[in-house]
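So you can see what is in the structure, the chains are spelled out below.
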Amino acid sequence: MAGNAWRSTVSRVVGAMKSQASHPRTFSRGLQTVTLIPGDGIGPEISTAVMKIFEAAKAPIQWEERNVTAIKGPGGKWMIPTEAKDSMDKSKIGLKGPLKTPIAAGHPSMNLLLRKTFDLYANVRPCVSIEGYKTPYTDVDLVTIRENTEGEYSGIEHVIVDGVVQSIKLITEEASQRIAEYAFEYARNNQRASVTAVHKANIMRMSDGLFLRKCREVAENFKDIKFTEMYLDTVCLNMVQDPTQFDVLVMPNLYGDILSDLCAGLIGGLGVTPSGNIGANGVAIFESVHGTAPDIAGKDLANPTALLLSAVMMLRHMGLHGQAKKIETACFDTIRDKKVLTKDLGGNSKCSEFTGEICRRVQDME
Amino acid sequence: MGDCALIKHAPPPAKYGGRHTVTLIPGDGIGPELLTHVRELFRFCCVPVDFEIVSIDSKSTSDDDMNNAITAIRRNGVALKGNIETNHNLPPSHISRNNILRTSLDLYANVIHCQTLPGVRTRHRDVDIIIIRENTEGEYSSLEHENVPGVVECLKIITRKKSLRIAEYAFNAARQNGRRRVTAVHKANIMKLGDGLFLQCCKEVAAGYPEITFDSMIVDNTTMQLVSKPQQFDVMVMPNLYGSVISNVCAGLVGGPGLVPGANYGKDYAVFETATRNTGKSIANKNIANPTATLLASCLMLDHLRLHGYASMIRKAILATVSETRLHTADLGGQGTTSEVVQSVMREIESKGPRTSEQI
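Residues numbered from 1 in each chain as written. Chains lettered and ligands numbered in written order. Predicted model: local features only at pLDDT ≥ 70, side-chain atom pairs only at ≥ 80, totals over all residues. Heavy atoms only, no water.

Digging into the overall build of chain B
Here is the rule: Think of it this way: any DSSP run of H or I at least four residues long counts as a helix, any run of E at least two long counts as a strand, and we number them from the N terminus. The size measure is the radius of gyration over C-alpha atoms, and the globule rule it meets is 2.2 Å times the number of residues to the 0.38 power. Burial here depends on accessible area, computed with a 1.4 Å probe over protein chains only, as a share of the maximum for the residue type. Under 20% is buried, over 50% is exposed, and the range in between is partly exposed. Residue-level accessible areas treat just the shown protein chains as cover; the underlying method is Shrake-Rupley with a 1.4 Å probe.
Summing up its helical and strand segments, chain B has 10 helices and 12 strands in all. In terms of C-alpha radius of gyration, chain B reaches 20 Å, essentially the compact-globule figure of 21 Å for 360 residues. Split into buried and exposed, the 360 residues of chain B put 61% on the buried side. Approximately 13,900 Å² of chain B is accessible, and the part contributed by carbon and sulfur atoms is 51%.

Section: the sheet that holds strand β10 (residues 235-238) of chain B
Residues and elements named next belong to chain B. How we decide: DSSP calls a pair of strands paired once it identifies at least 2 bridges connecting them. Orientation is described by lines fitted to C-alpha atoms, with helices fitted over the stretch in contact, and by angles between N-to-C directions that extend from 0 to 180 degrees.
Read across the sheet, 10 strands follow the order β2-β1-β3-β12-β11-β4-β5-β10-β8-β9 without closing on themselves; strand pairing throughout is mixed. Looking at the sheet topology across the chains shown, the edges are occupied by β2 (49-53) and β9 (213-218). With direction set aside, neighbouring strand axes in the sheet form an average angle of 25°. The pairing of strand β8 (residues 181-186) with β9 spans 6 bridges and is parallel.

Observations regarding the nonpolar core
Going by this rule: Note on terminology: a nonpolar core comprises buried Ala, Val, Leu, Ile, Met, Phe, Trp, Tyr and Cys residues joined through side-chain atoms within 4.5 Å. Note on contacts: a residue pair is in contact if any heavy atoms of the two residues lie within 4.5 Å.
In terms of nonpolar packing, the biggest core is built from 69 residues, with Phe54, Ile61, Leu95, Ile145, Val250 and Met314 of chain A touching the most fellow members. Here the element with the most residues in this core is helix α9 (residues 305-317) of chain A; it accounts for 8 residues. Dropping the residues within four chain positions of it, Ile145 of chain A is found in contact with Asn123, Val124, Ile179, Tyr182, Ala183, Tyr186, Val248, Leu249, Val250 and Met251 of chain A. Listed in part, the 64 residues of the second largest apolar core include Phe171, Cys202, Leu295 and Met301 of chain B.

Structural notes on the environment of Ile288 of chain B
Residues and elements named next belong to chain B. In this structure, Ile288 sits in the loop between β12 (270-274) and α8 (292-304). For Ile288, a relative accessible area of 30% puts it in the partly exposed group. Sequence separation between Ile288 and Val341 is 53 residues, and the spatial gap between their C-alpha atoms is 9.9 Å. In this structure Ile288 touches Ile283, Thr329, Ala330 and Thr338, once residues within four positions along its chain are discounted.

A closer look at the environment of Thr342 of chain A
Residue and element names in this part refer to chain A. Looking at where Thr342 falls in the secondary structure, it is placed in the loop between α10 (321-337) and α11 (351-364). Judged by relative accessible area, Thr342 falls into the buried class, the value being 0%. Sequence spacing of Thr342 and Val50 is 292 residues, and the spatial spacing of their C-alpha atoms is 15 Å.

Written out as structure tokens, the structure reads:
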């Protein structure tokens, strides 16, 4: 009936606008506070680099530096320091450098702690080929969206009898629905044409079957986005032959871990890959996913590209597309030019020189 | 590609007049047509193998087909198979037929040799990786339950016994083939107990093979390394699921699903198929599927039966055909048909002249 068609069109448009609004309000006026967690190893120097570049671009960001070394709270539970939590709860946006995972420190990994504290349920990694940083793969432009709270990383393991270990993979309807909804909304908000659910439901009939079912259900509400499903092994097989066929991929935790790193490898590795973690209650933490590189820490040799591109992703999340484009272009132009590159990109310039070059380009764009 | 079976297994004895009987499971998709080509080729070459065809209906929930197939393989000792589709419309209690076959026959080692082939254009050159994947436990244990509606648990089982067994197989294969390095792929930083046990077992077995370097790598880093520098890998050993990921990545690196054969070995039985186990539904019955992987799998089977003469003869012809770009099928970027490839293999064999019984 015409009336129903009209109503459904209106609700679809309103729904789209609502999901735009579910992102934090645009920060075009005034400074926006971002909680900055420099991290360990090369973390502080690449954070400084990013702050310098943002200053040169006159981005309306006010940084609030915080430390997240684990402390034992009341009741003996490990938690992040209150100042850090309060800052993040207020600003809702975080930028994080690499954190070292101490072995035998008694507390769980810091990344895990952050994830649990802010219920960071979606890990988003856009993988785009960087012109000027040549890899065997060209024209890669895909996004992996990984469920980050359950699945194979539930941490539930038991020794049943000596020599027999059981690890539990947990899939819940709620988490699957939540990640599927995020994936489709992301696709819609970023003008992506299709979402592919990655699974192994031929083997893990019930668990991946549930995940797949929820994806199919959510797809019904996003008829403007094409929905496909593909086995994990087929995705791997096709990804290394022709990555251009993929757009947005959504999947449970382990597959997401493997695939997001596989895709990072296609474009040049963790040193140039941005990453964002979306939490419930509007919190979003963007981070570089490489290690702390203790061997080059403090020597002005680090490559800030990964953290910078994550910060660009952060600007887009905040609606500051103009600033984001400016900084991203400056970064890509510098890499394409090949004159000032850090060692891992094939050059022999210092981190500060690389940063300076990007700042110069950003300022020239004014 | 001197790809004799990597470890010498005892083949079943040839009972009737020197002829072997092999179970053939056509499967779904491109399986039936490609296996028909295998039979055609074997007849042409007068290979002393008779096929006992056992069909498995993927739409049926009855266990009869599976039981027949398993009995036949137990009787014959060897099988060649296509992939059986898992019907998603059936309830979760309906377990993958391929999986049941592997676990019932305890085909604990899935062995895949990925090598760059001359004449096939790929992004990476000089890839030569042997993947040894635990084939019966891990994430494929098919142990799932729904605790309360909307909450599902899937159990990944790792046992000391099976981990030691597959590690032993891997190091033995490395030693027998003069390979220098074995890399264990794992995620023991997250699955500390499960993958931790697997890694521990690999380390224990490694101690008995001092001439072979043993190292380990986390699975996500492994995939990253594979797409940038695959030449660094030699032999890789891993639990079931990571095996699926790594073998598909490696197959993609050397040219795709149409080229790489796979073998599943147990103590008493061996089943041969393509490495990436695809049904290829969308290209079935169109004469466009690449038969290379299936034909090479049949050569692995012939080696297993100690029919080395036939195996090398056919393998040489296949490799000569693959290097002929104008015969490449669609998956390799060409326009050749399946039958053209098979005809070319037969012509290649014919051109080498008649074989006397001394040669075979």
